[in-house]
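Structure assessment
Chain by chain, the residues:
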Amino acid sequence: MTGSVSAEMDLTWRYAASAPMRRFLEGVAEGRLEAGRCTGCGRRYLPPRPFCGRCRLAITEWVPVTDRGVLEAWTLVHLPIRDGRSGEMRPSPYGMGLIRLDGADTTLNHYLQLPDGVEPRIGDRVQAVWRPERRGAMDDILHFEVIR
Ligand SMILES: [Zn+2]
């Protein structure tokens, strides 16, 4: 008895996107990013939500945001993960970042391309790297990269 459990899981799941997320992903398919804006407090949510977490009002307005932003936090992940599109294992370790896109008030969690030999810094500017062919999914953005 080692005090730990080891198991391998192969899971497939499918879930329906909310109406705001569906609209957001339709924009992603066209290379366009939009945040849902609360008409009460003006907070701009990206990813979008059905309701404002502060006002409890339904999000009914949309505002364009850019595919550039600020790195708010990041971490290095050593746990291998399978790429959902290719089925291949992603090389690890890899970076994950919390990114606040210009025009949004909330952060987006996404892959962060780590610059060779340079550690990202909180506050670094980042840029989305898009796939040439898109299908309306979060992985239409391959990752974000630091721009200095
Ligand atoms: Zn609000």
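The text that follows walks through the structure, step by step, so that each part is easy to find. The structure presented is a predicted model; accordingly, all values stated were derived computationally and were not measured. (Residues numbered from 1 in each chain as written. Predicted model: local features only at pLDDT ≥ 70, side-chain atom pairs only at ≥ 80, totals over all residues. Heavy atoms only, no water.)

Section: the overall build of the chain
Where we set the bar: Strands here are runs of E lasting at least two residues and helices are runs of H or I lasting at least four, both read from the DSSP assignment and numbered beginning at the N terminus. Three exposure classes are used, based on accessible area relative to the maximum for each residue type with a 1.4 Å probe and protein chains only: buried under 20%, partly exposed in between, and exposed over 50%. Here, Shrake-Rupley sampling with a 1.4 Å probe gives the accessible areas, and only protein chains in the shown set may cover a residue. Charged residues are defined here as Lys and Arg on the positive side and Asp and Glu on the negative side; His and the ends of the chain fall outside this count. A charge is said to be at NZ when it belongs to Lys, at CZ for Arg, at CG for Asp and at CD for Glu.
Secondary structure assignment for the chain yields one helix and eight strands. Ordered by position from the N terminus, the helices and strands of the chain form the series α-β-β-β-β-β-β-β-β. Counting only C-alpha atoms, the chain reaches 55 × 40 × 35 Å along its principal axes. Across the 148 residues that make up the chain, the buried fraction comes to 35%. A total accessible area of about 9,500 Å² is found for the chain, and carbon and sulfur atoms account for 51% of it. Of the side-chain charges in the chain, 21 are positive and 19 negative, and the distance between the mean point of each set is 6 Å.

Some details on the coordination of the zinc ion
Put simply, the test is: For Na, K and Ca the donor cutoff is 3.2 Å, while for all other metals N, O and S atoms count as donors only within 2.8 Å; water does not appear among the atoms, so some sites may look incomplete. For four-coordinate sites, all angles between 85 and 135 degrees define a tetrahedron; for four- and six-coordinate sites, opposite donors beyond 155 degrees with the remaining angles between 65 and 115 define square planar and octahedral shapes respectively, and all other cases count as irregular.
For the zinc ion, the full set of protein donor atoms is Cys38 (SG), Cys41 (SG), Cys52 (SG) and Cys55 (SG), and the range of their distances to it is 2.3 to 2.4 Å. For the zinc ion, the four donor atoms in the first shell make angles of 104 to 117° at the metal, so the coordination geometry reads as tetrahedral. Of note, the donors binding the zinc ion are all from one chain and are spaced C-x2-C-x10-C-x2-C. Cys52 sits in the buried class, given a relative accessible area of 1%. A relative accessible area of 31% means that Cys55 is categorised as partly exposed.

Digging into the sheet that holds strand 1 (residues 33-37)
Note the following rule: When DSSP finds two or more bridges between a pair of strands, those strands are recorded as paired. Note on contacts: a residue pair is in contact if any heavy atoms of the two residues lie within 4.5 Å. Axis lines are fitted to C-alpha atoms, over the contacting stretch for helices. Their N-to-C directions set the angle, which ranges from 0 to 180 degrees.
Ordered by their spatial adjacency, three strands build an open sheet running 2-1-3, and the pairing between neighbours is antiparallel. Edge positions in the sheet fall to strand 2 (44-45) and strand 3 (61-65), since each has one partner strand and no second. Where strand 1 lies against strand 3, five bridges are found, and the strand directions are antiparallel. The partner of Gly36 across the bridge, within strand 3, is Trp62. Strands in contact with helix 1 (residues 19-29) are strand 1 and strand 3; relative to strand 1, the strand with the most contacts, it is inclined by about 155°.

So, the packing of aromatic side chains
Using the following cut-off: Pairing of aromatic rings covers Phe, Tyr and Trp, the last counted by its six-membered ring, and requires centre-to-centre distances within 6.5 Å; plane angles under 30 degrees mean stacked, over 60 mean edge-to-face, and any other angle means tilted. Lysine and arginine charges are scored as sitting over a ring when NZ or CZ, respectively, is within 6 Å of the ring centre and within 35 degrees of the ring normal.
All chains considered together, the criterion is met by one aromatic pair. On the numbers, 5.7 Å between centres and 65° between planes, the contact of Tyr94 with Tyr111 is edge-to-face. Separated by 17 residues along the polypeptide, Tyr94 in strand 5 (residues 94-101) and Tyr111 in strand 6 (residues 108-113) bring together distant segments of the chain. Taking relative accessible area as the criterion, Tyr94 reaches 10% and is therefore assigned buried. The aromatic ring of Tyr94 is capped on one face by Arg90, whose charged end is 5.6 Å from the ring centroid.

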